Each structure stands twice: as structure tokens, then as C-alpha cells.
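Spelled out, the chains give:
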Amino acid sequence: MIDESVSWIEEMTTCRRCGLADLRTQVVVGRGNQGARVMFTGEAPGKEEDRTGMGFQGSSGKIFDDVLSYLGLSRHQIWLNNVVRCRPTDTGRKNRAPHPEEIAACRPWMLEDIKWVKPEIIVTLGRMAFLSLTGDTHFATYRGQLYITEEPGIPEIFPLAHPAYLIYRRSLMPQYRQDLDRLSQFLAAKKVPNHPVIPKRFI
Ligand code: SF4
């Protein structure tokens, strides 16, 4: 649930710190459980997220929900946000990747989320989410492993490939499952409560 009484959340929903404010329908704020021990961070809202105000909708959203089931988690247990909170698009028709200056402009909102929720681990979804939190360009090297950043206030990070990859690249599934198994083991060691259900697409 979003606590609209928290002053910075109200400020974020009207933010115009970067040009993405011009074509957005709404700011897609982080959502989930404020006491979440695990935060999931994606890249940016797409068209459907911009319309509904909710993170990870449509086809990627279905895969993301399967990822959570595989890990034994639900959206009510976690915190879900993006490195930029407004949909990157130049025309309103196509999505595009966020520009570095847009990521930098939105970073204070990410840091507010982390301070507020205090997750023990952040699972980054995709190269851009990992890069923006760590400044490290070696996503392929660290994918599926625990990553410790020296930046104060940022907890341990676990980089995963973006769930949307699995829509077009079924061949990545075995590797993705291995990464999820490592993350599961890590969450189990931290005693994060979970009830895994293996979705069909992961069998
Ligand atoms: S993307 Fe972030 S910084 Fe840019 S207008 Fe939206 S909330 Fe503000």
C-alpha cells in the first residue's frame, strides 16, 4: 500500500525533475509492502504501467508474477519499483530506454524508497536497473550472484535478467532458473518466508 501521507511520496507524484514528465499519464510509484525484506527494481514503466499506475503489467508482468511464484513470494510481500518512475517515450507510441540524465534525475526517489522500506536485498531486473544502482557495467559477469556495493545505504544486490527476455528467448530459461535457484537459496538462508509454486513456464 502507498502511504500518501508521507510528504515525499506526494512530492514524487507531481515530480517534473526531468523531461519524462511531459508525456507521462502518471508517475508510477513504488508499491508493495512497506516492511518488505526484498525489493525488486525494474527499468522503467511501459505503456500499460503508465496507463494503470502499476508496475510490471502485460506480458512481462505475467512472467514477473511467475518469477515471484517460483521464489515463493507475492507482490504483497515485496516492494516493487523502477529506476525511473515515468514512461520513457519520445512520441507516446513506442517505449524507449531511459537516458542517463533521466536515471540521475530520478535517483533521489530510489534512495527515498530504500530509506523508507529498508530492504535487506534488492533484486535488480535487467542490465539498466543493475547499472543504475551500482554504476557497474559488468551485468553479465555478476548476473545471478550476490553483489555487494560500497555505496552507503544500498543493501546487497542480486542482479537478474529482465523477465521480458523470456518472452522472446525461451532458450534462456535454464539459465534463468539456475539464477532463481541461487536467489532462492540466498533468501532461505535469510529466512525470508516463502511458499514456492513452480509455474508451468519454469518446468
Ligand atoms: S522520471 Fe523520475 S525524475 Fe523524471 S519526472 Fe518522473 S519521477 Fe521525476
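Before any of the text, the structure's been laid out above.
Residues numbered from 1 in each chain as written. Predicted model: local features only at pLDDT ≥ 70, side-chain atom pairs only at ≥ 80, totals over all residues. Heavy atoms only, no water.

### Digging into unusual backbone geometry
Logical step 1: One non-glycine residue, Phe 56, lies in positive phi territory at about 50°.
Logical step 2: Tracing the sequence through the fold places Phe 56 in the loop between α2 (47-52) and α3 (58-71).
Logical step 3: For Lys 118, which is not glycine, the phi torsion reads 55° and is therefore positive.
Logical step 4: Tracing the backbone through its elements, the reader meets Lys 118 in the loop between α4 (100-117) and β4 (121-125).
Logical step 5: The class for Lys 118 is exposed, based on a relative accessible area of 61%. (Helix = DSSP H or I, 4+ residues; strand = E, 2+ residues; numbered from the N terminus. Buried < 20%, exposed > 50% of the residue type's maximum accessible area, 1.4 Å probe, protein only.)

### Some words on the pattern of salt bridges
Logical step 1: Overall, the coordinates contain 15 salt bridges when judged by the stated rule.
Logical step 2: One salt bridge in this structure joins Asp 65 and Arg 75, with 2.7 Å as the shortest N-O distance. Of this pair, Asp 65 sits in helix α3 while Arg 75 is found in the loop between α3 and β3 (79-82), placing the two residues ten residues apart along the sequence.
Logical step 3: On the basis of relative accessible area, Asp 65 is assigned to the partly exposed category, the value being 32%.
Logical step 4: The exposure class of Arg 75 is partly exposed, given its relative accessible area of 26%.
Logical step 5: Note that Arg 96 is salt-bridged to Asp 90, the shortest N-O span being 2.8 Å.
Logical step 6: The class of Asp 90 is exposed, set by a relative accessible area of 56%.
Logical step 7: A cluster of three or more residues bridged by salt bridges with shared partners is formed by Arg 37, Glu 120, Glu 156 and Lys 190. (Salt bridge = Lys/Arg side-chain N within 4 Å of Asp/Glu carboxyl O.)

### Observations regarding the packing of α4 against helix α5 (residues 127-134)
Helix-helix packing: each pair is described by the crossing angle between the helix axes and the interaxial distance.
Logical step 1: One way to put it is that α4 packs onto α5 with a least axis distance of 11 Å and a crossing angle of 80°. It follows from the interaxial angle that α4 and α5 lie roughly perpendicular. The residues of α5 that touch α4, namely those facing Ile 103, Arg 107, Met 110 and Ile 114, are Met 128, Ser 132 and Leu 133.
Logical step 2: Along the lines of polarity and charge, the residues of the contact of α4 with α5 split into five nonpolar, one polar and one charged. (Axes fitted to C-alpha atoms, helices over the stretch in contact; angles between N-to-C directions. Parallel < 35°, antiparallel > 145°, perpendicular 65-115°, else oblique. Contact = heavy atoms within 4.5 Å. Nonpolar A, V, L, I, M, F, W, Y, C, P; charged D, E, K, R; others polar.)

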